[in-house]
Amino acid sequence: MAPPPSMAAASDRAGPGPDAGAGAGEPSLRLRRAPSADAGDLAGDSSGGRRENGDPPPPPNPQQHQQPEMLHYRASAPAHRRVKESPLSSDAIFRQSHAGLLNLCIVVLIAVNSRLIIENLMKYGLLIRAGFWFSARSLGDWPLLMCCLTLPIFPLVALMAEKLIRRKLIGEHVVILLHIIITTSVIIYPAVVILKCESAVLSGFVLMFLASIMWMKLVSYAHTNYDIRVLSKSTEKGAAYGNYVDPENIKDPTIKSLLYFMLAPTLCYQPTYPRTTCIRKGWVIRQLVKCLIFTGLMGFIIEQYINPIVKNSKHPLKGNFLNAIERVLKLSVPTLYVWLCMFYCFFHLWLNILAELLRFGDREFYKDWWNAKTVEEYWRMWNMPVHKWIIRHIYFPCIRKGLPRGVAILISFLVSAVFHEICVAVPCHIFKFWAFFGIMFQIPLVFLTRYLQDKFQNIMVGNMIFWFFFSIVGQPMCVLLYYHDVMNRQAQASR
């Protein structure tokens with residue numbers, strides 16, 4: 001005999017027990033009521049008995065649909081049905097969505113920083129100077145502007161060298177020598193101009209940044225065309241290293257392909273790129289507005305917070321140790337905000353704007369580096385154009401030459417450290433190698449965070465160490481070191 005509906009529902013949830021009866025464990029009997037008089041009564045059938053063939057069905061009763069739902073809320077229905085973990089327990093915390101907590105953090109962050117901004121403005125007033133954007137000294141930087149305008153000569157000379165070797169007017173060794181001279185000159189020329197002129201640090205940094213980008217592009221242009229010539233010769237001989245060679249990727253260099261490459265948001269040359277179908281003009285305008293807003297926010301943070309903190313500090317390696325720690329910690333938050341704004345403005349907004357205007361298809365300019373578990377993962381994900389360039393033109397060539405993987409990584413970091421030092425030291429007119437040692441210090445951090453991540457599985461120990469060294473120690477320390485060295489040099493020059 002079937003149990004009452006309420007007991008059947010309870011038996012279904014609690015599972016068959018010793019008192020469940022013979023039919024409690026059978027799926028065909030659970031949560032099913034026989035078409036009996038009792039079932040008719042429960043359904044609200046006024047006839048109270050079976051319907052004969054041909055009798056019309058009873059009118060629909062709303063309680064008939066509510067009845068199965070109401071059975072779940074009976075006092076006899078079990079409230080605890082299976083083993084469950086608390087959402088914040090160690091076994092379940094990474095399976096939960098934390099969107100609400102993220103929204104809470106954003107609200108708290110906005111509230112706290114709004115209070116600090118209002119308090120700062122009430123105490124010190126608006127500290128932004130008009131000279132932050134433009135000053136009379138900027139007019140004295142015209143040699144840097146002329147140097148920047150003459151940089152496109154070097155890509156044209158590189159194209160001429162490639163045309164000459166394609167026509168077999170010069171040999172392979174000659175074109176390699178020409179490319180070495182071109183790439184070396186594109187770095188030395190602006191560096192000499194900056195060091196000869198007493199220009200603003202920002203103007204010198206922009207020029208060296210553009211020169212470094214052009215250097216990497218020209219290295220990629222020379223290396224890729226050399227490899228294309230090797231592949232073309234092997235294809236003619238019928239041996240392309242066992243791989244299919246796409247004819248689109250071994251085309252001869254043209255002025256059009258070179259011009260597109262020099263403007264495109266990539267450092268790796270190839271004759272053709274994936275392209276989108278159209279330009280979204282409204283989208284470009286929105287990104288430009290965002291870029292202006294975040295640039296203004298960076299200027300506000302620098303002038304209102306970072307400059308006063310740095311001016312009231314001492315050299316971190318010469319003054320009181322506790323005072324240096326206090327300045328570094330106080331400087332860590334605004335420098336982190338400026339760096340995040342810079343990353344968003346350049347890697348997300350500006351590079352996507354360039355890609356949209358040029359219909360450049362591959363827009364993976366960064367990955368989720370904020371989730372990096374090790375320092376090695378961070379360097380692989382945060383700057384994809386440079387990462388692809390290093391992998392393509394430094395790391396794998398070293399591996400193909402038979403060098404160990406560790407040596408290839410060391411050479412990659414060495415090249416990165418040299419260019420970080422050049423981009424900072426030349427505009428500041430000082431060579432203390434702070435940026436160089438800061439990048440080379442990443443190598444032991446790579447092994448340290450890798451060891452900790454292997455030791456503590458499923459724990460973001462490496463991610464926390466990365467954020468600590470990156471935002472709490474690294475950037476504020478570099479800002480203090482270079483600021484005081486620049487101030488000391490200017491003080492000595494004015495005597």
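The structure presented is a predicted model; accordingly, all values stated were derived computationally and were not measured.

## Some thoughts on the overall build of the chain
Thought 1: Of regular secondary structure, the chain possesses 17 helices and zero strands.
Thought 2: Considering the chain as a whole, with its 495 residues, one finds that 36% of them fall into the buried category.
Thought 3: Taking as baseline every contact in the chain between residues at least 6 positions apart, the subset at least 24 positions apart corresponds to 71%.
Thought 4: Just so you have it, the chain exposes about 30500 Å², and 66% of that area is on carbon and sulfur atoms.

## What to know about the UniProt feature "active site" (unreviewed entry) in the chain
Thought 1: The feature "active site" (unreviewed entry), as annotated in UniProt, sits at His 420 in this numbering.
Thought 2: Among the structural elements, His 420 can be located in helix H14 (residues 405-428).
Thought 3: Judged by its relative accessible area of 33%, His 420 falls in the partly exposed class.
Thought 4: With sequence-adjacent residues up to four places away left out, His 420 is seen in contact with Ala 435 and Ile 439.

## Details of the packing of aromatic side chains
Thought 1: Scanning the model with the defined rule gives 30 aromatic pairs in all.
Thought 2: Consider the rings of Trp 215 and Phe 419, whose centres lie 4.5 Å apart with planes at 40°: the pair is tilted. Here Trp 215 is found in helix H8 (residues 201-236), whereas its partner Phe 419 is found in helix H14, with 204 residues between them in sequence.
Thought 3: Using a relative accessible area of 16% as the deciding quantity, one classes Phe 419 as buried.
Thought 4: Arranged with centres 5.3 Å apart and planes meeting at 90°, the rings of Trp 339 and Trp 369 form a pair that is edge-to-face. Placement of Trp 339 in helix H11 (residues 321-357) and of Trp 369 in the loop between H11 and helix H12 (375-381) is noted, with a sequence separation of 30 residues between them. Judged on exposure class, the residue Trp 339 and its partner Trp 369 are both buried.
Thought 5: The ring of Phe 261 has Lys 217 sitting right over it, with the charged end atom 4.5 Å from the ring centre.
Thought 6: Positioned over the ring face of Trp 283 is Arg 280, at 4.7 Å from the centre of the ring.

## Here we look at the side chain of Lys 217
Thought 1: If you trace the backbone, Lys 217 turns up in helix H8.
Thought 2: Buried charge without a salt bridge: Lys 217, with Asp 362 as the nearest opposite-charge side chain at an N-O distance of 13 Å.
Thought 3: In this view, Lys 217 contacts Phe 261, Met 262, Ala 264, Thr 266 and Leu 267; residues no more than four positions away in its chain are not counted.

## What about the side chain of Glu 162?
Thought 1: Tracing the chain through its elements places Glu 162 in helix H6 (residues 153-166).
Thought 2: Among the residues examined, Glu 162 registers a relative accessible area of 0% and is labelled buried.

## Quick word on unusual backbone geometry
Thought 1: One non-glycine residue, Lys 168, lies in the positive phi region at around 60°.
Thought 2: Looking at where Lys 168 falls in the secondary structure, it is placed in the loop between H6 and helix H7 (172-196).
Thought 3: Of note, the phi angle at His 429 is positive, near 60°, even though the residue is not glycine.
Thought 4: With respect to the secondary-structure elements, His 429 resides in the loop between H14 and helix H15 (434-440).

## Remarks on the packing of H6 against helix H9 (residues 255-263)
Thought 1: As a packed pair, H6 and H9 sit with axes 11 Å apart at the nearest point and diverge in direction by 145°. Considering the relative orientation of H6 and H9, their crossing is right-handed. Together, Pro 155, Leu 156 and Leu 159 of H6 and Ile 255, Leu 258 and Met 262 of H9 make up the contact between the two elements.
Thought 2: By residue class, the composition of the contact of H6 with H9 is six nonpolar, no polar and no charged.

## A few points about the pattern of salt bridges
Side chains carrying opposite charge are able to pair once their charged atoms draw close together.
Thought 1: Applying the stated criterion to the full structure yields nine salt bridges.
Thought 2: Among the salt bridges present, the one from Arg 380 reaches Glu 376, with a minimum N-O distance of 3.4 Å. Here the residue Arg 380 and the residue Glu 376 both occupy positions in helix H12, the gap between them amounting to four residues, near one helical turn.
Thought 3: Given a relative accessible area of 38%, Arg 380 falls into the partly exposed group.
Thought 4: Linked by salt bridges that have partners in common, Glu 376, Arg 380, Arg 405 and Arg 450 make up one network.

Conventions used here
Residues numbered from 1 in each chain as written. Predicted model: local features only at pLDDT ≥ 70, side-chain atom pairs only at ≥ 80, totals over all residues. Heavy atoms only, no water. Helix = DSSP H or I, 4+ residues; strand = E, 2+ residues; numbered from the N terminus. Buried < 20%, exposed > 50% of the residue type's maximum accessible area, 1.4 Å probe, protein only. Contact = heavy atoms within 4.5 Å. Areas by Shrake-Rupley, 256 points an atom, 1.4 Å probe, with all protein chains shown as cover. UniProt positions renumbered as here; feature names shortened; annotations may be inferred. Phe/Tyr/Trp six-rings, centres within 6.5 Å; stacked < 30°, edge-to-face > 60°. Lys NZ or Arg CZ within 6 Å of the ring centre and 35° of its normal. Lys, Arg positive; Asp, Glu negative; His and termini not counted. Salt bridge = Lys/Arg side-chain N within 4 Å of Asp/Glu carboxyl O. Axes fitted to C-alpha atoms, helices over the stretch in contact; angles between N-to-C directions. Left-handed = near helix turned anticlockwise from the far one by under 90°. Nonpolar A, V, L, I, M, F, W, Y, C, P; charged D, E, K, R; others polar.

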